[in-house]
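A structural walkthrough
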Amino acid sequence: MRGSLDRFYLVIIVFFFALLLSGCSKQATSDPVVSPTESHPNEHSVRLIDGKCEVTFLGEQVVLETTNRSAVAYFENGTQEEVPLTDLFEWRGNSADYIGPQDIIGVWVDAPELSVTHVAPEALAALELGRVLIILLDGLSYYDLEELKPVFLSGKTMQSARTVMPSISPVALATILTGKFPNETGITSRDTRQLQVDDIFVAAVKLGKSSAMVEGSRKLINTSIDQLLNPDISGDGSTDDEVFACAKAQLDAGVDLIFVHFHGYDDLAHTYGPLSPETSVKMLELDAYVETLCAGFSGMVLVIADHGQHGTTGDKLGDHGEFRLLDLTIPWIQWEQ
Ligand SMILES: [Zn+2]
Ligand SMILES: [Zn+2]
């Protein structure tokens, strides 16, 4: 079987090469505001010559040794796997064919090692020792957070992590809560809500620990525990203030494992675009919520996102769901306190 990588994915691949090279190439920049596919559409090319990858980025040619390089392949069935760059690709000028055994969405050169599949095992390992607070900031890409530098969160060590495809909330949430790729969770689109595997709350019960899942106004997926839903009672157009108050009450009640889902950043990024004045103000609000939730809490804290967003034009100025750097790269901020 042979999955063809079209030019779109090639541009993304080249962008990752470019990111890799940005340290040594003075012209190479990675502007997190603009998506790689929109930023410099005609100034990239890639060729494989004698086992070396020749990358042209912004008019500058660089030859990259590919023999020992690998990449994370995203497969159509929802799984991800590290693959060698040389063996499984046939390069021809500006196109490449993947010649592995499965249909492929794309490959990510030098992808983050951390993945949303690591959230559940990390949380459960910490839960055996004490309390765990997981805060999901919907739609916040690693690059947005790096740019916005809110006071509290930027004082912590931030790593990047990769999410799943399609890069949308229910699919990512299912993986975050189970540690399994979409082919195992059973949630591969917005059309399904029923998990096919146990979530972390089942595991928490086995550890004798209490759990709470604090959501916005509606359930995105079904979980083993009742979710605490929070409609916009204050009428300010966001559920974040209600989610914050609900989460605070659960923390004060001493619940062991608390999962909190703030939706406001994603909502505003769709309307005004990521890194707009509106999302920047929202980031400050969320940063203060996170700081207040952490005050007086003892245990492991993990702040993540489900996916990022890239800028668009038209009715909406931000969107996600695609195989793009900005959609796939999420922040991972974890600490003990
Ligand atoms: Zn989302
Ligand atoms: Zn969204």
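Note that residues are indexed from 1 along each chain, following the sequence as it is written. Chain A is the first chain written and ligand 1 is the first ligand written, with later ones labelled in order. In keeping with the model being predicted, local features are shown solely for residues with a pLDDT of at least 70 and side-chain atom pairs are shown and tallied solely at 80 or more, while totals for entire chains, interfaces and linings include all residues.

Some points on the nonpolar core
The nonpolar side chains of a soluble globular protein tend to be buried, and buried together. Judged by nonpolar contacts, the single largest core of 79 residues is most densely connected at Ala123, Ile134, Ile135, Leu137, Ile258, Val260 and Ile304. Residue contributions to this core reach at least three from each of two domains, namely domain 1 (3-109) and domain 2 (114-336). We call two residues in contact when the distance between their C-beta atoms, placed using the backbone, is within 7 Å. Non-local contacts of Ile304, meaning those with residues more than four positions away in its chain, are made with Val119, Leu136, Ala161, Ile330, Pro331 and Trp332. Defined on buried residues, the nonpolar core groups Ala, Val, Leu, Ile, Met, Phe, Trp, Tyr and Cys residues joined through C-beta atoms within 7 Å. Residue burial is a threshold on neighbouring C-beta atoms within 10 Å of the residue's own C-beta, all placed from the backbone, with 20 or more meaning buried, 12 or fewer meaning exposed, and counts in between meaning partly exposed. For every domain, the bounds stem from an assignment made automatically or drawn from a database.

Section: the packing of helix α8 (residues 240-252) against helix α10 (residues 277-294)
A fitted line through C-alpha atoms represents every axis, and for helices the fit uses only the stretch in contact; the resulting angles, taken between N-to-C directions, go from 0 to 180 degrees. For the purposes of this entry, the term helix denotes a DSSP run of H or I that reaches at least four residues, the term strand denotes a run of E that reaches at least two, and both are numbered from the N terminus. Their axes nearest at 10 Å, the elements α8 and α10 cross at an angle of 10 degrees. The angle between the axes of α8 and α10 places the two elements in the roughly parallel class. Judged by residue contacts, Asp240, Phe244, Ala247, Lys248 and Leu251 of α8 engage Glu285, Leu286, Tyr289 and Leu293 from α10. Of the residues contributing to the contact of α8 with α10, the split by class is 6 nonpolar, no polar and 3 charged. What sets the label is the angle itself: under 35 degrees gives roughly parallel, over 145 gives roughly antiparallel, 65 to 115 gives roughly perpendicular, and the rest give oblique. Charged residues are taken to be Asp, Glu, Lys and Arg, nonpolar residues to be Ala, Val, Leu, Ile, Met, Phe, Trp, Tyr, Cys and Pro, and polar residues to be all remaining types, Gly included.

A look at α8
Expected helix span is taken as 1.5 Å per residue step, with the number of steps being one fewer than the number of residues. With 13 residues, α8 should reach 18 Å at 1.5 Å per residue; the first-to-last C-alpha distance of 18 Å fits that figure. Those residues of α8 that sit buried are Asp240, Glu242, Val243, Phe244, Ala247, Gln250 and Leu251. Where α8 is buried, its residues meet β13 (211-214), β14 (257-262), α9 (264-272) and α10.

Brief notes about the pairing of β14
In terms of burial, β14 is a largely internal element, 6 of the 6 residues being buried. Of the two faces of β14, both are covered, the one formed by Leu257, Phe259 and His261 as well as the one formed by Ile258, Val260 and Phe262. The pairing of strand β11 (residues 132-137) with β14 spans 6 bridges and is classified as parallel. Following the sheet pairing, Leu133 is matched in β14 by Ile258. Pairing between β13 and β14: 4 bridges, direction parallel. Directly across from Ser211, in β14, lies its bridge partner Leu257. Only when DSSP finds a minimum of two bridges between them are two strands counted as paired.

Examining the packing of α9 against α10
Between α9 and α10, the least distance of the axes is 9 Å, while the angle of their chain directions is 175 degrees. Of the possible angle classes, the one that applies to α9 and α10 is roughly antiparallel. Facing α9, whose interface residues are Gly264, Tyr265, Leu268, Ala269 and Tyr272, α10 presents Glu278, Thr279, Lys282, Met283 and Leu286. Classifying every residue of the contact of α9 with α10 gives 6 nonpolar, 2 polar and 2 charged.

So, the sheet that holds strand β12 (residues 158-162)
Strand order across the open sheet formed by 7 strands is β10-β12-β18-β15-β11-β14-β13, with mixed pairing between neighbours. Looking at which strands have only one partner, the edges of the open sheet turn out to be β10 (114-115) and β13. On top of the sheet, α10 reaches β11, β14 and β15 (300-304); it is set at about 175 degrees to β11, its chief contact.

With respect to the confidence of the model for the chain
For every residue, the pLDDT score states the predictor's confidence, bounded by 0 at the bottom and 100 at the top. Mean pLDDT over the chain stands at 82; residues scoring 70 or higher make up 74%. Contacts of residues 1-48 to residues separated by more than four positions or lying in other chains number 100 contacts, the stretch itself having pLDDT below 50. In the predicted structure, residues 54-60 sits below a pLDDT of 50 and forms 28 contacts with residues beyond four places in sequence or in another chain.

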